[in-house]
Each structure stands twice: as structure tokens, then as C-alpha cells.
Amino acid sequence: CGMRHFFVEDELFGSRIHNFVDLQFYVAARLLQDPSQDEEKLIAEFMDLYYGPAAPPMKRLLAYIERRQEEEPGILASIPPAARKYFDPAFFIETDAMISEA
């Protein structure tokens, strides 16, 4: 295409809150290089390289946060944290346990 530069912008205001920001940038950069790559493989690769021995609990943490965010109706970024239904005591107990394990 003769392209010399490519600008990408990632907005904070979208349908999801930014968790694992370095992971998001890694996957985005890799997919820009080759969009046919398997996103799940890229995520696993990043988690293993970035977190090392802590990768297993961090993978569970990511899956847990994403599952709980999916429970929230509407556009997540438009819901103030104090009004999010998934921010219940179980959420904080579970996430704290996974982070402590990591």
C-alpha cells in the first residue's frame, strides 16, 4: 500500500473499562501486524511472558473480571463504579484471592 506510518488511538470511553491495559496494547499491536492471528493464543502468550509463574492466577483473574463485566447490563463505561452490580463483596473477595495467589 505504500504506507509509511499508521496511527492508532485507544479511547478510554467505550463499552469496557480498561483492565490489563498492557495486554490490550500487546494484542492490538500483534493483530495490526497480522490480523489473522488467534487472539486467544496471543493472550496466553502475553500472560505467560509478562507474568511468568504468576500467569495461571492472572489468567483466571482476567477471565473472572470479563465474566463479571458481561453480567452488567448496558455500556459499562457509562455506569459509575458505585452503581455497578458486579462490584459485590464476592467480586472483591475473589479478585483479592487471585491477586494474592499471583
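Heads up: the structure comes first, above all this text.
Let us look at the structure shown here. (Residues numbered from 1 in each chain as written. Predicted model: local features only at pLDDT ≥ 70, side-chain atom pairs only at ≥ 80, totals over all residues. Heavy atoms only, no water.)

So, the overall build of the protein
Under the convention used in this document: A helix here means a DSSP run of H or I that spans at least four residues, while a strand means a run of E at least two residues long, and both kinds are numbered starting from the N terminus. Per-residue accessibility, obtained with a 1.4 Å probe over protein chains only, is compared with the maximum for each type, and a residue is labelled buried under 20%, exposed over 50%, and partly exposed between these values. We call two residues in contact whenever any of their non-hydrogen atoms come within 4.5 Å of each other. Residue exposure ignores everything except the shown protein chains as possible cover, and the areas themselves are Shrake-Rupley values with a 1.4 Å probe. In this tally, Lys and Arg are treated as positive and Asp and Glu as negative; His is ignored, and so are the chain termini. By convention, the point assigned to a charge is CZ for Arg, NZ for Lys, CD for Glu and CG for Asp.
From N to C terminus, the protein includes four helices and zero strands. Along the protein, helices (α) and strands (β) appear in the sequence α-α-α-α when read from the amino end. Taken along its principal axes, the extent of the C-alpha atoms in the protein is 55 × 35 × 15 Å. Within the protein, the fraction of its 102 residues that count as buried is 25%. Looking at the protein alone, contacts between residues at least 24 apart form 49% of all its contacts between residues at least 6 apart. For the protein, the exposed surface amounts to about 7300 Å²; the carbon and sulfur share of it is 60%. On the protein, the mean spot of the 10 positive side-chain charges and the mean spot of the 18 negative ones are 1 Å from each other.

Some remarks on helix α3 (residues 55-70)
Rule in force here: One less than the number of residues in a helix, times 1.5 Å, gives the span that helix is expected to have.
A rise of 1.5 Å per residue sets the reference length of α3, with its 16 residues, at 22 Å; its end C-alpha atoms lie 22 Å apart and thus fit the reference within 8%. If you check which residues of α3 are buried, you get A55, P57, M58, L61, L62, Y64, I65, R68 and Q69.

Side note on the side chain of T95
With respect to the helices and strands, T95 occurs in helix α4 (residues 89-101). Given a relative accessible area of 9%, T95 falls into the buried group.

Here's the deal with the side chain of R68
Topologically, R68 is positioned in helix α3. Contacts of R68, omitting those with residues within four sequence positions, involve K85, Y86, D88, A90 and F91.

Some details on the pattern of salt bridges
In plain terms, the rule: Any carboxyl oxygen of Asp or Glu that lies within 4 Å of a side-chain nitrogen of Lys or Arg is treated as forming a salt bridge with it.
A full pass over the atoms with the stated rule returns six salt bridges. Across the pair E71 and R67 runs a salt bridge, and its minimum N-O distance is 3.7 Å. On the accessibility criterion, R67 (48% relative accessible area) is partly exposed. For D88, the salt bridge identified is with R68, shortest N-O distance 2.9 Å. In this pair, D88 is assigned in the loop between α3 and α4 and R68 in helix α3, connecting sequence segments 20 residues apart. Assessed through its relative accessible area of 24%, D88 is described here as partly exposed. Several salt bridges converge on common partners, so that one network encompasses R67, R68, E71 and D88.

Some remarks on the environment of D22
Residue placement: D22 occurs in helix α1 (residues 21-33). Residue class for D22 comes out partly exposed when judged on its relative accessible area of 41%. As a C-alpha pair, D22 and Y50 span 28 residues in sequence and 9.1 Å in three-dimensional space. When neighbours within four sequence positions are excluded, D22 is seen to be in contact with F46 and Y50.

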